[in-house]
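# Structural features, examined
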Amino acid sequence: MAAISLQGICKRYRDHTAVHHLDLEVQAGEFMVLVGPSGCGKSTTLRMIAGLEDITQGRLLIGGKDVTHAEPHERDIAMVFQSYALYPHMTVQMNMAFGLLRTSKLARAEIDARVHDAAERLRITELLGRRPNELSGGQRQRVAIGRALVRQPKVFLFDEPLSNLDAKLRTHMRGELEWLHAELGITIVYVTHDQVEAMTLGTRIAVMDGGRLQQVGAPMDIYREPATRFVASFIGSPEMNFLSPPVDPAAQAWLAQQYGDGASRHGVVLGLRPEEIGLVPDDGRAVVPPLHWNGTVQRIERLGADAYAQIQVGNSSVLVRTLGDTALEAGHVTRLTADAQRLRVFDAQGDSVLAVRA
Ligand code: ADP
């Protein structure tokens, strides 16, 4: 395993900059997920690490060695693609050995030893005699990884490996990948547009937008303390709610006291996750904290233990997580209260965070 250092990496196509001055340190043994919407530059970044795309500007180090202009095969990396690309007519054993037989000068005995060792570590020894069509999706992925492993790469690169699978298999494969990372202790850089995948797999995640790195951190740190409004709305499912502060003077005063003057002035937006909003009956009896809104329930979606309430507050529609057996129904008027500890205050015009107390 090896660390990867991206230093001021840029990628320019003729009239278009796909990646702007990217600085990112991937530690040895880390599972780093690059995540962002389609077109944000994550595949281009991965392909530059792999050597499949020229680096316009900046420096790339793998395991401390400058490989900015090195050929792909000089980089000690292995890329695992979405399709696995196994040879259908070959056994698992041959699929894993074939690359080395063709391109390396290793003795046959050494190659066989590596195949058996990789198979052992991946727990697919009993599958070595089978062909790909006799394997499950998870087993195929293990073989594809085994084939890469026998080359003893320092880094594994994955480009959306799960995006063609149905939801159930995807969940299963996430477990497989997690296990593999823990078992093999390899450095992984993994590209996905799916923030759930990023949250569940990454030891750290790098969120990109518009060719720029927005934030790098442990998944829950990013969830709790997003650096920009883009990150706040991109990470988390269902999405964070953005609400104007109540016009009520008591609420304004409370906000100013807790978060500074900037938080109470006009033109800020409060970011609240669905689980950070409380629902209090509007019956004149309950004690209401200073920060609250009135709203009308539009819809209750009951999922079992939890329910999501869609609530109209002024011009905004707000999603609140509540209990599955809530007595609320569409048409009810309710009061929304904010968990004061979790508030994020954003500049309504721009992207910046004015205050976070996560
Ligand atoms: P992502 O993987 O995040 O979906 P990409 O890295 O594939 O995004 O692409 C980033 C941007 O670079 C996009 O705007 C894309 O259209 C552009 N791009 C990718 N490849 C090329 C190319 N060969 N020529 C010109 N523009 C490209």
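Model, not experiment: these values are computed from the prediction. (Residues numbered from 1 in each chain as written. Predicted model: local features only at pLDDT ≥ 70, side-chain atom pairs only at ≥ 80, totals over all residues. Heavy atoms only, no water.)

Enumeration according to the criterion identifies zero disulfides in this entry. Here cysteine 10 stays free of any disulfide, with the sulfur of cysteine 40 as its closest cysteine sulfur at 16 Å. On the basis of relative accessibility, which here comes to 1%, the residue cysteine 40 falls in the buried class. (Disulfide = S-S within 2.5 Å. Buried < 20%, exposed > 50% of the residue type's maximum accessible area, 1.4 Å probe, protein only.)

For any two helices packed against each other, one specifies the inter-axial angle together with the distance between the axes. Here helix H2 (residues 92-103) crosses helix H4 (residues 137-149) at 30°, and the two axes come no closer than 8 Å. One element, H2, and the other, H4, form an angle in the roughly parallel class. The two elements H2 and H4 meet at a crossing, and its hand is right-handed. In this structure, H2 uses Val92, Asn95 and Met96 to contact H4, whose residues at the interface are Val143, Gly146 and Arg147. (Axes fitted to C-alpha atoms, helices over the stretch in contact; angles between N-to-C directions. Helix = DSSP H or I, 4+ residues; strand = E, 2+ residues; numbered from the N terminus. Parallel < 35°, antiparallel > 145°, perpendicular 65-115°, else oblique. Left-handed = near helix turned anticlockwise from the far one by under 90°. Contact = heavy atoms within 4.5 Å.)

Here we take up the packing of aromatic side chains. Following the criterion strictly, the structure yields six aromatic pairs and no others. Ring centres of tyrosine 87 and phenylalanine 98 lie 5.2 Å apart, and the angle between their planes is 75°; on these two criteria the pair is classed as edge-to-face. Remark: phenylalanine 98 occurs in helix H2 and tyrosine 87 occurs in the loop between strand S6 (77-80) and H2; sequence separation between them is eleven residues. With relative accessibility at 32%, the residue tyrosine 87 sits in the partly exposed group. The interplanar angle of 40° and the centroid separation of 5.8 Å between the aromatic rings of phenylalanine 158 and tyrosine 190 together place this pair among those described as tilted. Residue phenylalanine 158 is located in strand S7 (residues 155-159), and its partner tyrosine 190 is located in strand S8 (residues 187-192); the two are separated by 32 residues in the primary sequence. The two residues phenylalanine 158 and tyrosine 190 agree in class, both being buried. Members of the aromatic cluster, each reached through a chain of ring pairs, are Phe31, Phe156, Phe158 and Tyr190. Lying across the ring of phenylalanine 242, arginine 229 places its NZ or CZ 4.4 Å from the centre. (Phe/Tyr/Trp six-rings, centres within 6.5 Å; stacked < 30°, edge-to-face > 60°. Lys NZ or Arg CZ within 6 Å of the ring centre and 35° of its normal.)

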